[in-house]
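# A closer look at the structure
The primary structure of each chain is shown beneath.
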Amino acid sequence: PTMKVASLSHITLLCAALMFSAGCTDKITAPNNFCGVTRRASSEPLEHDPILFVHGYGENTDFFCPMVDNFRIDGWAEHGMYAYNYSFVLSHADNAEEIRKQVDKILADTKSTKVDIITHSMGPLSARYYIRHLGGDGAAGGEQLQRVG
């Protein structure tokens, strides 16, 4: 009986590790391939404010692909839409710091004065923390936060 319990404990730990491994990334980066399109640097000016998509708990950037496709149809430039996969097991403060870094990089890359943030599920919590506590309320021209779902 002890061997059986020990084996079940190891299986349980393995399953838990696999389940949460997607949210335990060491490095958070914007995807080079975003919703089926390879991203390329561009110096063309944007007609709209760039957008940062922040997904929800246990999701990834693919969640926003139907919306991104609609933005593309409506003429939004590929180099004006950004997303990244963050670790959903970190604190909102840690994820907010990553949002700050992402916004700073987007502003530098696009020469824009502000970034609109579209979020889903748990994404608004970290984005709101960034806006309220890490200078996102005006440091970059005042980001606009939109929550989806």
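Note: the structure precedes this text.
This text gives an overview of the structure that appears in the document. Values in this document were obtained by computation on a predicted structure and should not be read as measured data.

Once that is clear, we can look at the pairing of strand β3 (residues 51-54). Both faces of the sheet carry side chains from a regular strand, because those side chains alternate between them. What you see with β3 is no split at all: Ile51 and Phe53 on one side and Leu52 and Val54 on the other are buried throughout. Considered for its hand, the β-α-β crossover made up of β3, helix α2 (residues 65-73) and strand β4 (residues 81-83) is right-handed.

Helix length check: helix α3 (residues 92-110), at 19 residues, gives a terminal C-alpha distance of 26 Å against a target of 27 Å (1.5 Å per residue), a fit within 8%. Turning to α3, its buried residues number three or more, namely Asn95, Ala96, Glu98, Ile99, Gln102, Val103, Ile106, Leu107 and Thr110. Residues of α3 that are buried make contact with β3, β4, β5 (116-120) and α4 (123-133). Positive phi shows up at Lys111, right after α3, with a value of about 60 degrees.

In terms of nonpolar packing, the biggest core is built from 17 residues, with Leu52, Ile99, Val103, Ile117 and Tyr130 touching the most fellow members. Examining the composition of this core, we find that five residues originate from one element, α3, more than from any other. Cys65, Trp76, Met81 and Ile118 belong to the second largest nonpolar core, which has twelve residues in total.

What follows concerns unusual backbone geometry. Even without glycine at this site, Cys35 takes up a positive phi of about 55 degrees. Even without a glycine there, the phi angle at Lys111 is positive, about 60 degrees. Note on placement: Lys111 falls in the loop between α3 and β5. Judged by relative accessible area, Lys111 falls into the exposed class, the value being 69%.

With the rule as written, the count across this model stands at six aromatic pairs. Between the aromatic rings of Phe53 and Phe71, the centroid separation amounts to 6.1 Å while the plane-to-plane angle is 65 degrees, which identifies the pairing as edge-to-face. With Phe53 in strand β3 and Phe71 in helix α2, this residue pair connects regions lying 18 residues apart in the sequence. Accessibility expressed as a relative area gives 1% for Phe53, which makes it buried.

With that out of the way, let us pick up the pattern of salt bridges. The full count for this structure, using the stated rule, is six salt bridges. Note that Arg72 and Glu78 form a salt bridge whose closest N and O atoms lie 2.8 Å from each other. Each of the salt bridges in this network shares a partner with another, and the network as a whole consists of Asp69, Arg72 and Glu78.

Turning to the side chain of Thr110, a few remarks are in order. With respect to the helices, strands and loops of the structure, Thr110 is situated in helix α3. A distance of 2.7 Å separates the side chain of Thr110 from the backbone oxygen of Ile106, its partner in a polar contact. Beyond its immediate chain neighbours, meaning those up to four positions away, Thr110 contacts Leu46, Pro50, His79 and Tyr82.

Reading the values: the criteria
Residues numbered from 1 in each chain as written. Predicted model: local features only at pLDDT ≥ 70, side-chain atom pairs only at ≥ 80, totals over all residues. Heavy atoms only, no water. Buried < 20%, exposed > 50% of the residue type's maximum accessible area, 1.4 Å probe, protein only. Helix = DSSP H or I, 4+ residues; strand = E, 2+ residues; numbered from the N terminus. Right-handed = clockwise from strand over helix to strand, strands pointing away. Expected span 1.5 Å × (residues − 1). Contact = heavy atoms within 4.5 Å. Core = buried A, V, L, I, M, F, W, Y, C linked by side-chain atoms within 4.5 Å. Phe/Tyr/Trp six-rings, centres within 6.5 Å; stacked < 30°, edge-to-face > 60°. Salt bridge = Lys/Arg side-chain N within 4 Å of Asp/Glu carboxyl O. Polar contact = N/O pair within 3.5 Å; in protein donor to acceptor, adjacent residues only side chain to side chain.

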